[in-house]
Amino acid sequence: MLNINIIINDPKGIESKLMKRGYSLNPADIIDIYNQRKDLIKIKETIAANKNKLNDKFKDASTEDEKNEIKKQSQEFEKKISHNKSLLEEKESELTKLMLDIPNIPLDDVPVGEDDKDNKIIKTWGSPKRHNFEHSSLFTKNGLLNFELGAKISKTRFVVMKGQIAKLHRSLVSYMLNQHTEVNNYIEYNVPYVVNSESMRGTGQLPKFEEDLFKINDSDLYLIPTAEVPLTNLYRDKIMIENDLPVYMVAHTPCFRSEAGSYGKDTKGIIRQHQFEKVELVHITCPQDAEKSLDMITSHAEKIMEDLEIPYQRVMLSTGDLGFSSCKTYDIEAWFPSQECYREISSCSYFGDFQSRRLNIKYKNNVTKRKEYVSTLNGSGLAIGRTMAALIENHTDGKIIKIPKVLQPITGFDIIKL
RNA sequence: GGAGAAGUGGCUGAGUGGUUGAAAGCGGCACCCUGCUAAGGUGUUAUAGGGUUUAAACUCUAUCGAGGGUUCGAAUCCCUCCUUCUCCA
């Protein structure tokens, strides 16, 4: 959620910044409701103050008549207060609704554009190969990756992995977790895969993107679309001291996405599944360290790609491609030889105080002595299924898949025969 | 599933109807003291939202798990819910 004061202080500026990402803000509406709300507050509080003053007189009242008079007046005040209170609540929920709908403001260095075609390539690594060995079709004979079974027991966009592929998948998880905890100093968490709506609101999935989530019937619970949700929400309603920061967390979880609106997209392979696994990195930092932190997260993710010897590029998302809560995002895209293109495998985002306002996470600033909102960031380090698909395609000759050196101690094998 | 107990500021923890927005301690911060460190001394230290102001100071309102209720007045009494703990099955 944005700080409403920045809209009030610079309505035109914010309007044009949000326009860059295709969101048309109507500052006049917001300011109007904000002022109506203020007027109601003034009225309500004046009456409340009068009532409080009246109550103080009760002790000094000596006669029954006086006391009764005070009782009568106080009840009158109370009626007016509760009337104004309900008017105020209405205005406030109206305002909150508008505010929750507004996406984060892109940083100035984010390239302006309409969609992913306008993303800016920051760096590339490795030498891309080309061939026609699409990862899923390599397994039609041996069935180690089985989409029919996934559809049979569940539905399309679910997959069953077996044998060496299941183990390769698990080894990737282990490798990534070990790397992040042992080399990059993250604290490992194991968290619930089902969270309540308050958590979803905190990180920005709700109220706007409910159709992307799997909701559990007759409950306030949802399947997590990413470990970002439970991890970041661990700190909801916390006030920290500056010395507690930064916080680096990592967790491996399955992720569930309804993929509403992506019909027909990426129907082949494990690129877009309703359920996939991911190792997620979350940072909570002081605002002044946050941009540095974004580079750190991104390079932690890139290092995994390099260890796995998968060619990749880093792009900065354009304003049109930026996620709702993010003010700056780097995507890491793996090279897919069969598609002859780079595909997203990690998304590393900086949220400023957008999430921490919703989540109410603050820290006590050592210099200003005030409690200020922390910055939150997260990045995939990495998406397991896509990484495995990229690994398979980049390390196969159509007959075998070579397992990268760093994984061999965990897999216990160095090739998979097809 | 049944029976109890509890949820208070960054933390621990007093507080059962009227200057209690809240004692005390810890922690934090500022200053003093000491050659340095440790120890000590003094002061300060909740959040949100209004008013006012260049700003600070000041002032008002709300907040003691959440939401309702009783009352002139609620952290304190009642109800519902949530959470935690203990005991029983």
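Residues numbered from 1 in each chain as written. Chains lettered and ligands numbered in written order. Predicted model: local features only at pLDDT ≥ 70, side-chain atom pairs only at ≥ 80, totals over all residues. Heavy atoms only, no water.

A. Fine view of the sheet that holds strand S7 (residues 239–241). With mixed pairing, three strands are arranged side by side in an open sheet as S7-S13-S14. The open sheet terminates on both sides in strands that have one partner only, identified here as S7 and strand S14 (371–373). The sheet shows a mean angle of 35 degrees between the axes of neighbouring strands, direction not considered. Pairing of strand S13 (residues 362–364) with S14, which is carried by three bridges, proceeds in the antiparallel orientation. Pairing of Lys362 across the sheet is with Tyr373, part of S14. (Pairing = 2+ DSSP bridges. Helix = DSSP H or I, 4+ residues; strand = E, 2+ residues; numbered from the N terminus. Axes fitted to C-alpha atoms, helices over the stretch in contact; angles between N-to-C directions.)

B. Spotlight on unusual backbone geometry. Between Leu206 and Pro207 the backbone carries a cis peptide bond, its omega angle lying at 5 degrees. Along the polypeptide, Pro207 turns up in the loop between helix H7 (197–203) and strand S6 (221–223). Following Gly381, the chain continues to Leu382 via a peptide bond in cis, the omega torsion being 5 degrees. Tracing the backbone through its elements, the reader meets Leu382 in strand S15 (residues 375–383).

C. Layout of the protein's contact with RNA strand B. As a structural note, the neighbourhood of RNA strand B is formed by 20 residues, with Asn52, Asn55, Ser74, Lys362 and Lys371 the closest of them. In the environment of RNA strand B, a phosphate oxygen lies 2.8 Å from a nitrogen or oxygen atom belonging to the side chain of Asn52. At 2.4 Å from a sugar or linking oxygen of RNA strand B is found a side-chain nitrogen or oxygen belonging to Asn55. Secondary-structure elements contributing two or more residues to the surface near RNA strand B are helix H3 (27–58) and helix H4 (64–101). The element contributing the most residues to the surface near RNA strand B is H3, with 12 residues. (Near = heavy atom within 4 Å. Polar contact = N/O pair within 3.5 Å; in protein donor to acceptor, adjacent residues only side chain to side chain.)

D. Molecular detail of the sheet that holds strand S4 (residues 187–189). Pairing is mixed in the open sheet, where eight strands are placed in the order S1-S10-S11-S12-S15-S9-S8-S4. At either margin of the open sheet sits one strand with a lone partner, and together these are strand S1 (120–125) and S4. Going from strand to strand, the sheet's axes swing by 25 degrees on average, the running direction of each strand aside. Taken together, the seven bridges between strand S9 (residues 275–285) and S15 define a ladder with antiparallel strand orientation. Across the sheet, the residue bridging to Glu280 is Ser380, located in S15. The strands that helix H6 (residues 163–183) touches are S4, strand S8 (247–256), S9 and S15; relative to S9, the one it contacts most, it runs at about 10 degrees. Those strands touched by helix H9 (residues 290–307) are S1, S8, S9, strand S10 (312–316), strand S11 (328–336), strand S12 (341–350) and S15, and its axis lies near 5 degrees from that of S15. (Contact = heavy atoms within 4.5 Å.)

These figures capture arrangement, not role.
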